[in-house]
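# Commentary on secondary and tertiary structure
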Amino acid sequence: MTRIVPGHTMGILGSGQLGRMLAQSARQHGYRVTVFSPDGDSPTGQLADEAFVAPYDDLDAVRGFAAGADVVTFEFENVPEATARAAAEMAIVRPDPTLLYVAQNRIREKTAVEKAGYPVTPFRAVRTAEELEAAVVALGTPAVLKTASSGYDGKGQRRVDAAATAGAAWVSLGGGECVLEAFMRFERELSVVVARGTDGKVADFGVFENHHEEHILDATVSPARVPPEVAEAARDLAHGIARHLDLVGVLCVELFDLGGGNLAFNEIAPRPHNSGHLTIEAFSVSQFEQQLRAVCGLPLGEPIRRAPAAAMVNLLGDLWTYDVDGTVVAEPQWATLLRRPQTHLHLYGKKRPRSGRKMGHVTVLGDRPDVALAQARSARSALLASA
Ligand code: AMP
């Protein structure tokens, strides 16, 4: 397997905060960084040696970008498969574009995981009004209708409370390819971030517990407060999926903990994940360093905990104060947060905050998950207090 050692160039498709934190790790390890996305002055572009700004379907521009890289990876799974394939004409692309193709469509990913023998949230593919009707009959209500592709942070989702409202929900999502899922009354949401190297070795960071607000990840706690057998089952499932999909890179598996030892697969992301941001401070090797190591064909690190517990909270644009025109009139109180011990601030360099936009995150290390979570939340609240 080809090794891309320090001094070579890492190419990143996509230019958000995940690419930024990968670029930070790549820089630390002596790599050059080049990035491709439609956005100028991006979180990743600010840290790259070279930034290509062009639409993803400008395949000649993609080839030009990849020609200057030794290995290309992606930080965003909605990069079109054709873009990843064009890059693969010029450079090694890891994970393989086929994995990207599977992960960017909910029907394909759920079918692949179900075929591999793992428990999946009951679902039906919906492409026509007849399929929608049959799906509602099969799964009952409440249910959740989701666009098959391009959805994230709860975008492209509608809860369906009664059969009579399913049609309107589908129309409001554009009437295209969707998936209808049974509404799961889960106890907790869990995720496992797993890395797999070119040598087939697999490593994870244990199980994370995730709390969402308005479908957007709000907080992650590590380790998840679940019995050891549930944690083992979640890790086994994530390792199995990584092997089954022949992953080289990092993959996040999101699961619902249904109680009684039962887990149901929700979705995968073939890249580092928001729930893994706390690995930067909480483990001896972060999810971004694992991604770098894996896609470069280098040995994975062994993640060793640096504290018994950690919690991460996202900082959304709602922490800024705006006037009626949307102009920022007050910044969060950064100094208040920076006075707190074991509290680590990350900001992504996004120029324009707005409500719901992920602007940064805070990680707090501690002795117990509940205390770390309470302190992370209180650190965030302190941003709104007067200095
Ligand atoms: P997703 O984009 O599929 O990760 O969904 C975003 C969030 O919506 C999840 O993290 C859950 O909190 C919620 N959700 C998604 N699917 C379901 C489901 N089938 N049943 C209950 N809640 C769901």
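Our structure's up above, just so we're on the same page.
The text that follows walks through the structure, step by step, so that each part is easy to find. (Residues numbered from 1 in each chain as written. Predicted model: local features only at pLDDT ≥ 70, side-chain atom pairs only at ≥ 80, totals over all residues. Heavy atoms only, no water.)

### Details of the overall build of the protein chain
- Counting its regular elements, the protein chain contains 12 helices and 20 strands.
- In summary, the protein chain has a C-alpha radius of gyration of 21 Å against a globular reference of 21 Å for 387 residues, a match within 12%.
- Counting only C-alpha atoms, the protein chain reaches 55 × 55 × 50 Å along its principal axes.
- Long-range pairs, those at least 24 residues apart, make up 62% of the contacts in the protein chain with a sequence separation of at least 6.
- For the protein chain, the computed accessible surface area is about 16,100 Å², with 50% contributed by carbon and sulfur atoms.
- Separation between the mean location of the 39 positive side-chain charges and that of the 46 negative ones in the protein chain comes to 3 Å. (Helix = DSSP H or I, 4+ residues; strand = E, 2+ residues; numbered from the N terminus. Rg over C-alpha atoms; globule rule 2.2 N^0.38 Å. Contact = heavy atoms within 4.5 Å. Areas by Shrake-Rupley, 256 points an atom, 1.4 Å probe, with all protein chains shown as cover. Lys, Arg positive; Asp, Glu negative; His and termini not counted. Charge placed at Lys NZ, Arg CZ, Asp CG, Glu CD.)

### A word on the sheet that holds strand β2 (residues 32–37)
- With respect to topology, five strands assemble into an open sheet ordered β3-β2-β1-β4-β5, the strand pairing being parallel. Whereas interior strands pair on both sides, the edge strands pair on one side only; in this sheet they are β3 (50–53) and β5 (92–93).
- Note that strand β1 (residues 9–13) and strand β4 (residues 71–74) share four bridges and pair parallel. By the bridge assignment, Met10 is partnered in β4 with Val71. (Pairing = 2+ DSSP bridges.)

### What about the nonpolar core?
- One finds Leu190, Ile241, Leu251, Val253, Leu255, Phe265 and Ile268 to be the most contacted residues of the largest nonpolar core, which totals 31 residues.
- Of all the elements in the fold, those that place two or more residues in this core are α4 (97–103), α5 (106–115), β10 (188–196), α8 (228–244), β14 (249–259) and β15 (262–269).
- If we ignore the near neighbours within four places in the chain, the residues touching Leu190 are Val207, Phe208, Glu209, Asn210, Ala224, Val226, Val230, Val253, Glu254, Leu255, Asp257 and Leu263. (Core = buried A, V, L, I, M, F, W, Y, C linked by side-chain atoms within 4.5 Å. Buried < 20%, exposed > 50% of the residue type's maximum accessible area, 1.4 Å probe, protein only.)

### A word on the site of the ligand
- Among the 17 residues in the neighbourhood of the ligand, the closest are listed as Lys146, Gln157, Met184, Glu189 and Glu267.
- One of the side-chain N or O atoms of Gln157 is found 2.9 Å from an oxygen atom in the ligand.
- Separating an oxygen atom of the ligand from a side-chain N or O atom of His212 is a distance of 3.3 Å.
- For the ligand, whose accessible area on its own is 480 Å², the fraction buried by protein is 93%.
- Of all the elements in the fold, those that place two or more residues in the shell around the ligand are β7 (143–147), β9 (178–182), β14 and β15.
- When grouped by side-chain class, the residues that make up the shell around the ligand number six nonpolar, five polar and six charged. (Near = heavy atom within 4 Å. Polar contact = N/O pair within 3.5 Å; in protein donor to acceptor, adjacent residues only side chain to side chain. Nonpolar A, V, L, I, M, F, W, Y, C, P; charged D, E, K, R; others polar.)

### Some details on the sheet that holds β9
- Overall, antiparallel pairing links the four strands, which are arranged β6-β9-β7-β8 in an open sheet. Only two strands of the sheet have a single neighbouring strand rather than two, namely β6 (123–126) and β8 (157–160). Neighbouring strand axes in the sheet, compared pairwise and without regard to direction, differ in orientation by 20° on average.
- Bridging between β6 and β9 involves four bridges; their strand directions are antiparallel. Bridging from a neighbouring strand, Arg124 pairs with Leu180 of β9.
- Taken strand by strand, α5 contacts β6, β7, β8 and β9, and its axis lies near 50° from that of β9.
- Running over the sheet, helix α6 (residues 129–139) touches β6, β7 and β9 and is turned about 170° from β6. (Axes fitted to C-alpha atoms, helices over the stretch in contact; angles between N-to-C directions.)

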